[in-house]
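So the chains spell out like this:
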Number of protein chains: 2
Amino acid sequence: MSRLDEYLDRQRQQINAALGEVFPEDPAHPHRLIEAVRYGLLDGGKRLRPILVLAACEAAGGAASDAMPAACALEMIHAYSLIHDDLPAMDDDALRRGRPTTHIAFGEDVAILAGDALLTEAFALLARAALQRSDPRRMLAAMAEIAAAAGAHGMVGGQAADLAAEGQAVDLATVEYIHVRKTGALLLAAVRSGAQLGGADATTLQRLTRYGECVGLAFQIADDILDAEGETAQTGKAVGRDQALHKATFPAVLGMPAAKARLRELREQALQALAPLPQAADPLRDLVHFVVARAVGG
Amino acid sequence: MSRLDEYLDRQRQQINAALGEVFPEDPAHPHRLIEAVRYGLLDGGKRLRPILVLAACEAAGGAASDAMPAACALEMIHAYSLIHDDLPAMDDDALRRGRPTTHIAFGEDVAILAGDALLTEAFALLARAALQRSDPRRMLAAMAEIAAAAGAHGMVGGQAADLAAEGQAVDLATVEYIHVRKTGALLLAAVRSGAQLGGADATTLQRLTRYGECVGLAFQIADDILDAEGETAQTGKAVGRDQALHKATFPAVLGMPAAKARLRELREQALQALAPLPQAADPLRDLVHFVVARAVGG
């Protein structure tokens, strides 16, 4: 097992344990809403966002445990966005991570509410964590960062723009506009909130922000490439959906070779931003390799 | 114009102005998501929740302006819940406040996202407001209160239980369980967060909590009575929907005369909880009269 695999495994276990505690099972009083929340949140997922939170916190000199509430909140927000994006009125997806999507398994009404519950409880968790600190300001700054990235001018705004662009002829600027908001904003908020919770100084925060911007865009280009080239077994979801829905993607506007070149370029830029940072930033270095290698190999 | 009407008018104007600023119009770049958010949030509504926040803050000795961010957040959360509740997969309502519901006017996808945006931006607003305070703890406590009331064990949990109970034979305990969560939790959080932001001591907070519990339940019983007896012109929504959907309601399980008696009883209990409080609590006194009188007269 490689150094990165070991790191990812260890972090995933801690994140999954923490997420399970946010929504504990109650076999005595089974509750369909909580079952749906657990279905959408647990069992699966790369946990890239929360791992970025923890790794950025450590890169900035903090302890990963300081950032665990923000890590969980980011993953809960990500999970809610997947549940809502999969709904029939949105992307109408029946398969996610190799399993039926939440609305297929629990019904559309319960899926909408499960998403709403995940989003709300993410902020409840952050507020409770902030109240427990002697100085709640770092956690509050992380919360403001996360909420802005998830909101009308971030993720939700990007999803709205994506739906509006479906079936339209779009240019590179539009594709970047959509992706920066729909996927990039939350990945950037993961890195920035982790850095803030780790006590990053202004220069380090600036470097990690640049890293987060590159990784956010790289992740989406890699995802577009995988959707066009990958196999369901590898991606856990139906392949070629973007093309079938005439979605705005990088390979579609750039062509496949240029999309792959852009992806490698973003990897270099991300590594360059981290260059002056100490060994504690190695997991962040490994992570950008991981994100890019999924789509173009090592 | 009565003292209460003047008070409500003045507060509504300030709340509407503050809400409009959270989502400003941008005629140069019209944005369907923001239009849908403004459609669901502005133009209409009693603004009962934010008015309760401001009135409870003043009753506790604070200035209303201290509580305005929490007031706006509560109304944004209320507006999101209406947009999502009206969706075809949920209550499937086409009419709200005498106008087409958001998904009728903007499409189901935009309506889901508008609700998501309102919920997210409510917490963004609270986090920004807390960061601006020299001591953010009161605002954080209000935020934790509001998030818990809106979440899986509050409003969203109540809506899930309500949907699960549709068409089932339900008893009084089940109806109370649903309503305490679905409507009561957010009304209680309005009163409690306002009281906390106003600097209420433990005894005052306890009294206002009792008041908030009574008003929360009274509001729902009044709503049930209006749905069964009112007219569309008065309620702004289709009448008799609860019965058509076999919804759990107080008149259905208690009978109409007992439901009205319970409503009057809750008004007395609410006024009793406020008895030792000074004149600054008069708007809260007027508000419980207002809530009850809608359904059973003065």
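Up top is the structure these notes are about.
Engineer: What am I meant to see in the packing of helix α6 (residues 108–132) of chain A against helix α6 (residues 108–132) of chain B here?
Structural biologist: The packing of two helices is summarised by the inter-axis angle and the distance between the axes. One can describe the packing of α6 of chain A onto α6 of chain B by two numbers: an axis separation of 9 Å at closest approach and a directional angle of 20°. One finds that α6 of chain A runs roughly parallel with respect to α6 of chain B. Like other packed secondary-structure pairs, α6 of chain A and α6 of chain B cross with a definite hand, here right-handed. Contacts between α6 of chain A and α6 of chain B involve Glu108, Asp116, Leu119, Thr120 and Phe123 of chain A from the former and Glu108, Asp116, Leu119, Thr120 and Phe123 of chain B from the latter. Split by residue class, the contact of α6 of chain A with α6 of chain B holds 4 nonpolar, 2 polar and 4 charged.

Engineer: What's the story with the interface of chain A and chain B in this structure? I'm lost.
Structural biologist: Much of the literature gives interface size as the accessible area that the parts lose upon coming together. Contacts between the two partners involve 44 residues from chain A, matched on the other side by 44 residues from chain B. In total, chain A and chain B occlude about 3,600 Å² of area from one another, counting both sides; carbon and sulfur atoms represent 75% of this. Remark: the boundary between chain A and chain B carries 0 salt bridges. If you look at where chain A meets chain B, you find 10 residue pairs in polar contact (both at pLDDT 80 or more). Mapped onto the side of chain A that touches chain B, the elements with two or more residues apiece are α2 (32–41), α4 (68–85), α6, α7 (137–150) and α8 (155–165) of chain A. For the side of chain A that touches chain B, the element with the most residues is α6 of chain A, which contributes 14 residues. The residue inventory of the side of chain A that touches chain B, partitioned by class, reads 29 nonpolar, 8 polar and 7 charged.

Engineer: Even after reading the chapter, I still don't get the packing of aromatic side chains, so can you show me in this structure?
Structural biologist: Each aromatic ring pair is described using two quantities: the centre-to-centre distance and the angle formed by the ring planes. Residue and element names in this part refer to chain A. Taken as a whole and assessed by the stated rule, the structure comprises 3 aromatic pairs over all chains. Here Tyr39 and Phe106 contribute two aromatic rings whose centre-to-centre distance is 5.3 Å and whose plane-to-plane angle is 65°, an arrangement assigned as edge-to-face. Remark: Phe106 occurs in helix α5 (residues 102–106) and Tyr39 occurs in helix α2; sequence separation between them is 67 residues. Taken individually, Tyr39 and Phe106 each receive the classification buried, so the pair is uniform in this respect.

Definitions and cut-offs
Residues numbered from 1 in each chain as written. Chains lettered and ligands numbered in written order. Predicted model: local features only at pLDDT ≥ 70, side-chain atom pairs only at ≥ 80, totals over all residues. Heavy atoms only, no water. Axes fitted to C-alpha atoms, helices over the stretch in contact; angles between N-to-C directions. Helix = DSSP H or I, 4+ residues; strand = E, 2+ residues; numbered from the N terminus. Parallel < 35°, antiparallel > 145°, perpendicular 65-115°, else oblique. Left-handed = near helix turned anticlockwise from the far one by under 90°. Contact = heavy atoms within 4.5 Å. Nonpolar A, V, L, I, M, F, W, Y, C, P; charged D, E, K, R; others polar. Buried area = accessible area lost by both parts, 1.4 Å probe. Salt bridge = Lys/Arg side-chain N within 4 Å of Asp/Glu carboxyl O. Polar contact = N/O pair within 3.5 Å; in protein donor to acceptor, adjacent residues only side chain to side chain. Phe/Tyr/Trp six-rings, centres within 6.5 Å; stacked < 30°, edge-to-face > 60°. Buried < 20%, exposed > 50% of the residue type's maximum accessible area, 1.4 Å probe, protein only.

Distances and angles like these do not, on their own, reveal function.
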